[in-house]
Amino acid sequence: MTTARFWRDNATRYNLMATRCGSCGKVTFPPRHVCPICHRRSMGKMEKFRLSGKGEVYSFTLVHEAPAAFELQKPYIVAMIKMDEGVMMTAQLSDCEYAEVKIGMRVKATLRKIGEEGAGGVIHYGYKFVPE
Amino acid sequence: MREVAVIGIGITKFGELWDSSFREMGIMAGLAALADAKVSSEEVDAMYVGNMSAGRYIEQEHVAALIADYSGLARDHIPATRVEAAGASGGLAIRQAYLAIASGMHDMVVVGGAEKMTDVGDMESNAIQSSAADQQWESVFGATSPSLHAMIARRHMFQYGTTREQIAQVAVKNHLHGSFNPNAQFQREIDLKTVLRSPPVADPLGLFDCAPNSDGAAAVVLCSLDKARRYAEAPIKILASAQASDTLALHSRADICTFEATRFAARNAYKQANIGPQDIQLAEVHDNFTISEILAIEDLGFFEKGKGGKAVEDGLTKLGGQIAVNTSGGLKARGDPIGATGVAQIVELVTQLRNQAGKRQVPNAKYALAQNVGGTGATAIVHILGVA
């Protein structure tokens, strides 16, 4: 992945920016230009805001077979997190044992390295979740 | 809208076909389908090719023109179109051909589906398949196709009490069915222990819960029903063709234990065919993972939501059961050369409806259904076929 392709999403990834529809109030992550409920009525009314970063585990897995970019991390935990604002996101869980993870477990977002472009390349940062 | 029939089918063996190139497989399947239909190349009006990722698997784009060319059709200058919807590419190619004929634009169309997956390593193939998910918001964090399906499995177990054993039984059944299919990648029966003890891929799913990397191609010849009778005594009719989409990322859904795209497409298909799920005697469904088949048989209306695992465990989806699911062996045992899969499903349904399925024949089959899925249910294609 080129650097630009990654950093153009940095603001969202670093700050957990979401959108709230000014028409119906539905929250979307990542930010969207159009609300999937209000369609055209939401145009120009999508308000960006920062998620609290807190939520609970909706589902999870331990990844043993991964693409080369994640070879050194495996096995690693991937989870779907239901944020307190209602949206879900997919991320890795860190700082906990796989055996401890349960559906409904409280977690919070933290800024971590999520990848790199080879040994001498740019390091990518983004969110991972840890027990609250 | 004109009625559309399938008058020819062709398929290669699925598996690790080291000796065969992408174009060879595509042509072999296509020529077999034309020979089966007793149609000469000059009669073909157009071609559609289902393919997910030739660009990454063999560094070759522009594959529809390639297949048309090597099929000997370059001088005929027919329109040749590649169709992509990840795992649903083949089913979508069929649907494009169906629409072209139903609309009256074309009379005779060849549909091919092909993927050459074993020219790259398993790790690269995992990355390519995971690109069917949302690259920026799923894959970049390390989510893979197996891991997303593993989270569906975990959630299905949590919400409905589905057991690990019930999920594994899908693989046992599909390997049994595959043992009756001479074109299947895996033709050996396996037992429950083999599935449960297979190397972990994404917990709770192991290697035997996942469809393999496969090479292969499949093709069908579609024709307007009025013209079809000139070529075939008993053409197989396409009674319904439906397609639906959903959010690309799994995490954008309210419930991950249902593929709404499958439900929507199925509802439309049943309406078009004027029948219900209880009328279907056999179905080819998209078991790219064992859990996917459980979702499919629920979302297609064969079993109540949450009861799919039990139905598999009770043998209701086996040959001879209430409804025969994946008589070909499914993606799990027949193999899953991605772009070929949706076309191979139609090949199996036609084989069954023609009463030519040998040891895996479903007796007196009248209505058959195919469900082809892209990604984690962002695209679903449902076709219903019947004896004309």
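Residues numbered from 1 in each chain as written. Chains lettered and ligands numbered in written order. Predicted model: local features only at pLDDT ≥ 70, side-chain atom pairs only at ≥ 80, totals over all residues. Heavy atoms only, no water.

The next point concerns the overall build of chain B. A tally of helices and strands in chain B yields 14 helices and 12 strands. What you see for chain B is a C-alpha radius of gyration of 19 Å, in line with the 21 Å of a compact globule of 388 residues. Seen along its three principal axes, the alpha-carbon backbone of chain B occupies a region of about 55 × 45 × 40 Å. Looking at chain B as a whole, 65% of its 388 residues qualify as buried. A fraction of 78% describes how many contacts in chain B between residues 6 or more apart in sequence connect residues 24 or more apart. Carbon and sulfur atoms make up 49% of the accessible area of chain B, which amounts to about 13600 Å² in all. For chain B, the distance from the average position of its 34 positive side-chain charges to the average position of its 42 negative side-chain charges is 5 Å. (Helix = DSSP H or I, 4+ residues; strand = E, 2+ residues; numbered from the N terminus. Rg over C-alpha atoms; globule rule 2.2 N^0.38 Å. Buried < 20%, exposed > 50% of the residue type's maximum accessible area, 1.4 Å probe, protein only. Contact = heavy atoms within 4.5 Å. Areas by Shrake-Rupley, 256 points an atom, 1.4 Å probe, with all protein chains shown as cover. Lys, Arg positive; Asp, Glu negative; His and termini not counted. Charge placed at Lys NZ, Arg CZ, Asp CG, Glu CD.)

We now examine the environment of Ser198 of chain B. Residues and elements named next belong to chain B. If you trace the backbone, Ser198 turns up in the loop between helix H8 (192-196) and strand S5 (200-202). Through-space distance from the C-alpha of Ser198 to that of Ile167 is 14 Å; in sequence the pair is 31 residues apart. Ignoring sequence-local partners within four residues, the contact set of Ser198 consists of Gly206, Leu207 and Phe208. A distance of 2.8 Å separates the side chain of Ser198 from the backbone oxygen of Val195, its partner in a polar contact. (Polar contact = N/O pair within 3.5 Å; in protein donor to acceptor, adjacent residues only side chain to side chain.)

With that settled, the discussion passes to the nonpolar core. When a protein is soluble and globular, its nonpolar side chains tend to lie buried together. Residue and element names in this part refer to chain B. Counting residues in each nonpolar core, the largest one holds 55 residues, and the members touching the most others are Tyr270, Ile280, Ile291, Leu300, Phe302, Leu369 and Ile384. Ranked by residue count, the leading element in this core is helix H10 (residues 260-273), at six residues. The contacts of Ile280, once residues within four sequence positions are left out, are Tyr270, Ile275, Phe302, Ile323, Tyr367, Ala368, Leu369 and Ile384. The next biggest cluster of nonpolar side chains, apart from the first, holds 40 residues, and it includes Val83, Ala93, Ala97 and Ile101. (Core = buried A, V, L, I, M, F, W, Y, C linked by side-chain atoms within 4.5 Å.)

All names here are of chain B. One open sheet accounts for 10 strands, arranged S3-S2-S4-S7-S1-S8-S12-S11-S9-S10; its pairing is mixed. Both outer strands of the open sheet, strand S3 (80-83) and strand S10 (324-325), are each paired with one neighbouring strand and no more. Here strand S9 (residues 282-284) pairs with S10 via two bridges, running parallel. Bridge pairing in S10 links Leu282 to Ala324. Contacts from helix H4 (residues 89-102) reach strand S1 (4-11), strand S2 (46-50), S3, strand S4 (108-116), strand S7 (215-224), strand S8 (236-245), strand S11 (367-374) and strand S12 (379-387) within the one sheet, and its direction differs from that of S2 by about 160 degrees. (Pairing = 2+ DSSP bridges. Axes fitted to C-alpha atoms, helices over the stretch in contact; angles between N-to-C directions.)

The partner chain B presents 31 residues to the 35 residues of chain A that form the contact. Surface buried jointly by chain A and chain B totals about 2900 Å² across both partners, of which 62% is contributed by carbon and sulfur atoms. The largest per-residue losses of area from chain A upon contact with chain B belong to Tyr58, Thr90 and Ile103 of chain A, which jointly make up 19% of the total buried on that side. Taken together, the links from chain A to chain B amount to zero salt bridges. There are 15 residue pairs in polar contact (both at pLDDT 80 or more) connecting chain A and chain B. Where the side of chain A that touches chain B is concerned, the elements lending two or more residues are helix H1 (3-7), helix H2 (10-15), strand S4 (54-63), strand S5 (76-83) and strand S6 (88-93) of chain A. With six residues, S4 of chain A is the single largest residue contributor to the side of chain A that touches chain B. Grouping the amino acids of the side of chain A that touches chain B by side-chain chemistry returns 23 nonpolar, six polar and six charged. (Buried area = accessible area lost by both parts, 1.4 Å probe. Salt bridge = Lys/Arg side-chain N within 4 Å of Asp/Glu carboxyl O. Nonpolar A, V, L, I, M, F, W, Y, C, P; charged D, E, K, R; others polar.)

By the definition in use, this model includes six aromatic pairs over all chains. Ring plane angle 75 degrees and centroid distance 5.6 Å describe the contact between Phe29 of chain A and Trp137 of chain B, whose orientation is recorded as edge-to-face. Highlighted residues: Phe29 of chain A in the loop between strand S2 (27-28) and strand S3 (46-50) and Trp137 of chain B in the loop between helix H5 (122-130) and helix H6 (145-160), drawn from two different chains. For the pair formed by Phe29 of chain A and Trp137 of chain B, the shared burial category is buried. With a centroid separation of 5.7 Å and an interplanar angle of 40 degrees, the aromatic rings of Phe70 of chain A and Tyr76 of chain A are classed as tilted. (Phe/Tyr/Trp six-rings, centres within 6.5 Å; stacked < 30°, edge-to-face > 60°.)

Quick look at the domain arrangement of chain B now. Residue and element names in this part refer to chain B. As far as domains go, chain B holds domain 1 (4-121 + 214-228) and domain 2 (132-210 + 238-387). Counting from both sides, the interface comprises 44 residues of domain 1 and, opposite them, 35 residues of domain 2. Buried area between domain 1 and domain 2, both sides added, is near 2800 Å², and the carbon and sulfur share of it is 67%. On the domain 1 side of the contact with domain 2, Ile9, Phe14 and Arg95 bury the most area, a combined 21% of that side's loss. At the surface where domain 1 touches domain 2, the tally comes to one salt bridge. Put simply, Asp36 and Arg354 hold a salt bridge, and the shortest N to O gap is 2.9 Å. At the boundary of domain 1 with domain 2, the tally comes to 13 residue pairs in polar contact (both at pLDDT 80 or more). Looking at the side of domain 1 that touches domain 2, the elements that each hand over two or more residues are S1, H4, S4 and S7. (Domains from an automatic or database assignment.)

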